[in-house]
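# Architecture and fold: a report
Residue-level listing of the chains:
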Amino acid sequence: MIEDPVLLNDWHPIARSIDVPEGSILPVRLLGEDLIAWRAHGSVNVWQDLCIHRGTKLSLGRLRGDLLECAYHGWTYDQSGGCVKMPAHPEQKPPQKARVRTYSSTERYGLIWACLGSPRHDVPEFEEWGADAFRKVPCGPYRYRASGPRAVENFLDVAHLPFVHEGILGERAHAEIQDYEVTVSEEGIVARDVRIWQPDPDGTGVGKDVNYTYKVLRPLTMYLSKASVEGNFSIFATVCPVDEFESVAWFWIAMDYGQGIPEGEIVARQDEITGQDIPVVESQRPERLPLDLQSELHLRSDRIAVAYRKWLRSLGLSFGTA
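This section reports on the structure supplied with the text. The structure presented is a predicted model; accordingly, all values stated were derived computationally and were not measured.

Of all 12 residues making up strand β16 (residues 232–243), 10 are buried, and the element is well covered by its neighbours. Both strand β15 (residues 221–227) and β16 contribute to a ladder of seven bridges, which runs antiparallel. Bridge pairing in β16 links K226 to F233. Remark: four residues form the turn of the hairpin made by β15 and β16, two consecutive strands paired antiparallel; G231 in that turn has positive phi of roughly 155°. Direction of pairing for β16 relative to strand β17 (residues 246–255): antiparallel, over a ladder of 10 bridges. Residue pairing in the sheet places I235 in a bridge with I253 of β17. Following β16, the chain reverses through two residues before pairing antiparallel with β17.

Put into structure tokens, the structure is as follows:
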């Protein structure tokens, strides 16, 4: 297992809740660990994908009610992870150490979250989730062959919008980034008054000057919001660190206006935007996000990214960073 207590003791999204229906076993990967997620009686379990008998993947097994049976020798485990049956020796009570490694899990925002260590924080807050006025549209998952911090910093980068997303989130003729305010605390980062002109900032097809607030809620979870005469728009985005150089991102788009926009159009728009970002992020070198500010050049418009790198360094995060 990796030696990064910051990420080991944090919550990470590993799948959508709908991807793990009752009676199914889903293999997933988090921080270089092979896991399974499975549901019984409505409750989701997240385990190491490893039978402790002969090291077979439990994802090859089958569920029998609320018990999981290994495909190799039929060793059967209950929801606590303890072995309750060894078919080759039915008269023998399984020893106490015959137990699968289990992990903390919870469901929030239509996602299954897992922690490989001891959670030091709650799942990051999605402010609009409980607000009935907001329409919430899930987008993703999006897979990056890149580190999680690289994917997050791309989300925070404002100056790339007129070039990578020209005609949607920016235009070359309006590439100037005005000064903005960034505050940093132990809880995260907030950047206010991030202003830029965008041809179509929210899928309504109306160009306008926008004023964004960006937040970094956890090392791999971010948020942005904007208010306009039409209403309020926000994005909650979170990245699963599959391996050091492979990540999966999920987005929730929340709007309290534009109810007539079909959900498929909102998703297709985010698919297009993220599809433009992914090859750029995957091309970045070094692959690990440099936390030494002397290793690259920084401008005033990079203020959020600089704050993010400093904050990760203060936390002691090492996975996916240099």
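Time to look at the sheet that holds strand β3 (residues 33–40). Read from one edge of the open sheet, six strands run β1-β10-β9-β4-β3-β2, paired in antiparallel fashion. This sheet does not close on itself; its edge strands, each paired only once, are β1 (12–16) and β2 (25–30). Each strand axis lies, on average, 35° off the axis of its neighbour in the sheet, ignoring direction. As defined by bridge partners, β1 adjoins strand β10 (residues 111–115) across four bridges and the pair is classed as antiparallel. From the neighbouring strand, A15 faces β10, where its bridge partner is I112.

Helix length check: helix α5 (residues 303–315), at 13 residues, gives a terminal C-alpha distance of 18 Å against a target of 18 Å (1.5 Å per residue), a fit within 8%. Among the residues of α5, those classed as buried are I304, A305, V306, A307, Y308, R309, W311 and L312. Lining the buried residues of α5 we find α2 (148–156), β12 (181–185), β13 (188–198) and β14 (208–218). Immediately beyond the C-terminal end of α5, within one or two residues, lies G316, with a positive phi of roughly 90°.

This part is about the pairing of β14. The buried fraction of β14 amounts to eight of the 11 residues, a majority that puts the element mostly inside the structure. With eight bridges connecting them, β13 and β14 associate as antiparallel partners. If you follow I189 over to β14, its bridge partner there is V216. Bridge count for β14 against β15 is six bridges, and the pairing is antiparallel. Its bridge partner being in β15, V216 is matched across the sheet by M222. With antiparallel pairing between neighbouring strands as the criterion, β14 and β15 make up a hairpin whose turn holds two residues.

About the cut-offs
- Per chain, residue numbering runs from 1 following the sequence as it is written.
- Note on the predicted model: pLDDT of at least 70 is required for a residue's local features to be given, and 80 or more for side-chain atom pairs to be given and counted; whole-chain, interface and lining totals, by contrast, use all residues.
- Side-chain figures throughout are based on the complete set of non-hydrogen atoms in the structure, without hydrogens or water.
- The rule is simple: take the accessible area with a 1.4 Å probe, protein chains only, and divide by the maximum for that residue type; under 20% is buried, over 50% is exposed, in between is partly exposed.
- In DSSP terms, a helix is any run of H or I states spanning at least four residues, a strand is any run of E spanning at least two, and both are numbered starting from the N terminus.
- The pairing criterion is simple: DSSP has to find at least two bridges between the two strands.
- Angular values range over 0 to 180 degrees, each being the angle between N-to-C directions of two axes fitted as lines to C-alpha atoms, with helices fitted over their stretch in contact.
- Multiplying one less than the number of residues by 1.5 Å gives the expected span of a helix.
- Two residues form a contact once any of their heavy atoms are found within 4.5 Å.

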